[in-house]
Amino acid sequence: MGMWGKRDDMVVHGREPFDAEPPGAALARAAVTPTDTFYSRNHGPVPRLAPADWRLTVDGLVARPLTLSLDDLRSRFDAAEATVTLQCAGNRRADLTAVRAVPGETPWGPGALSTARFRGARLADVLAHAGIAPEAAHVAFQAPDVSPSARPPQPYEVSVPSDRALAPDVLLAWAMNGAPLPAVHGAPLRVVVPGWIGARSVKWLTHVTARTTPSDGYFQAVAYRLPPTGDDPEGVTLGPLPLNCAVLTPSDGAVLPRGPVEVTGYALAGEGRTVARVEVSTDGGRAWSRAALEAPAGPAAWQRWRTTLDLPPGDVRVMARAWDSSGAGMPESPAQVWNPKGYVNNAWPRVRLRVR
Ligand code: MTE
């Protein structure tokens, strides 16, 4: 077994903070990712919080500030369960770096995304119990892990607009795939914001604060933004995920015998949409053929796809693209052109194969 209970063959981008993604073939194997295969992205050391001493504080613009133990959360609120795909904003950055350089950022492959069955209380129920004020336009989530990469170093804190926080699908999860959350995934409690970048699904949650403005913490105000440019002083705060797809098998660089080749991958549409179509090209994007698409296991879960290709001998590049239920295709944003950090990038995935 590898670090943090992960499988031995994880692609480890960093040991401390721990950043790791599963190999494509392992990720492709199941619609719900086993916990030992689930990617992990951390900005600081993993805090070890004793569940018995841990408390969640709910404060800010609320009528009744709360301090809740894990037992309080389990006993006072209905439990909800959902199969959710979490995806890091940096997922598939490596496909973008094939197009142009993205200095200083982790070159994640297609595995900075995984799917689990999460169980917990609805954040909306907890906020209703606290009496969230109408003027609370944002809800901030804080955790005790201090990131040395933040400027200045500070505990992890981000926020979501309160209309997102109050939607019934946002969970305060204590369980993942039928077991208590492991330390590396946020024990004893994490936020799960389906369909939004993983950065908003705060692990090791200790504070929920209702506010008039977004969090001014580094990971909200500086990181996870498309940075301001001369003609755009605001930049873009990332939240809802854009449409994305990837090839998982065969892996990039694979050498294959002649004959039919099964190509598999996934597509993910993001909040409120499903994937409508995935297509694959082997001739640089001139001709495309449709792949078979699996139904999603939940409203914010990925959809796996597969197709069988008869590839000519020699070097072949397999590319994929997707459409979602709103009719949007890829690339649906100009991320390749002006997104210097390579966030939520939807460059077409490209896998090079050699057929003998
Ligand atoms: N929460 C805390 N407290 N600290 C973190 O570094 N990383 C975020 C998010 N929540 C992070 C966090 C990011 S960027 C992602 S993509 C997801 O957690 C990763 O969740 P996982 O490690 O459970 O896969």
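Every chain's residues receive numbers from 1 upward, in the order its sequence appears when written. The predicted origin of the model limits local features to residues at a pLDDT of at least 70 and limits the giving and counting of side-chain atom pairs to 80 or more, whereas totals for whole chains, interfaces and linings rest on all residues. Note that water and hydrogens are dropped before the side-chain values are worked out from all heavy atoms of the structure.

Novice: So what exactly am I meant to see when it comes to the site of the ligand here?
Specialist: The immediate surroundings of the ligand are formed by 19 residues, with Y39, D145, H185, R190 and K203 found nearest. In the environment of the ligand, an oxygen atom lies 3.1 Å from a nitrogen or oxygen atom belonging to the backbone of R41. We define a polar contact as two N or O atoms separated by no more than 3.5 Å, with the added condition that, inside protein, one atom must be a possible hydrogen donor and the other a possible acceptor, whereas residues neighbouring each other in sequence contribute only through side-chain atom pairs. Between an oxygen atom of the ligand and a side-chain N or O atom of K203, the distance comes to 2.5 Å. Note on areas: Shrake-Rupley with a 1.4 Å probe; residue coverage comes only from the protein chains shown. Contact with the protein chains covers 100% of the free accessible surface of the ligand, which is 540 Å². Given that more than half its atoms are within 2 Å of the pocket grid, the ligand belongs to the largest cavity. A breakdown of the residues in the shell around the ligand according to their chemical character gives 9 nonpolar, 6 polar and 4 charged. By convention in this text, a residue qualifies as near a molecule or strand provided that one of its non-hydrogen atoms is within 4 Å of it. Each cavity reported here is a set of points on a 1 Å grid over the protein atoms alone in which a 1.4 Å probe fits but cannot get out, each pocket an open set with protein on both sides within 12 Å along at least five of seven lines, and each lining residue one with an atom within 4 Å of a point. Think of it this way: a molecule belongs to a cavity or pocket when more than half its atoms come within 2 Å of the grid points there. We call Asp, Glu, Lys and Arg charged. Ala, Val, Leu, Ile, Met, Phe, Trp, Tyr, Cys and Pro are nonpolar, and the rest, Gly among them, are polar.

Novice: Mind showing me how you'd approach the packing of aromatic side chains here?
Specialist: Each aromatic ring pair is characterised by the separation of its centres together with the angle its planes make. Pairing of aromatic rings covers Phe, Tyr and the six-membered ring of Trp, with a centre-to-centre limit of 6.5 Å; geometry is then stacked below 30 degrees between planes, edge-to-face above 60, and tilted otherwise. Under the defined criterion, the tally for this structure stands at 7 aromatic pairs. Between Y224 and Y343 the ring centres are 5.2 Å apart and the planes differ by 25 degrees, which places this aromatic pair in the stacked class. Residue Y224 is found in the loop between α6 (218–221) and β13 (225–226), and its partner Y343 is found in the loop between α7 (335–338) and β23 (350–355); the two are separated by 119 residues along the sequence. The pair formed by Y224 and Y343 is uniform in burial state, with each residue classed as buried. One residue, R321, lies across the ring of W288, its end atom 4.0 Å from the ring centre. Each helix is a run of DSSP H or I of at least 4 residues and each strand a run of E of at least 2, with the numbering of both proceeding from the N terminus. Throughout, exposure labels follow a simple rule: accessible area from a 1.4 Å probe, protein chains only, divided by the maximum for the residue type, with under 20% read as buried, over 50% as exposed, and the rest as partly exposed. For a ring to carry a charge above it, either NZ of a lysine or CZ of an arginine must fall within 6 Å of the ring centroid while also lying within 35 degrees of the normal to the ring plane.

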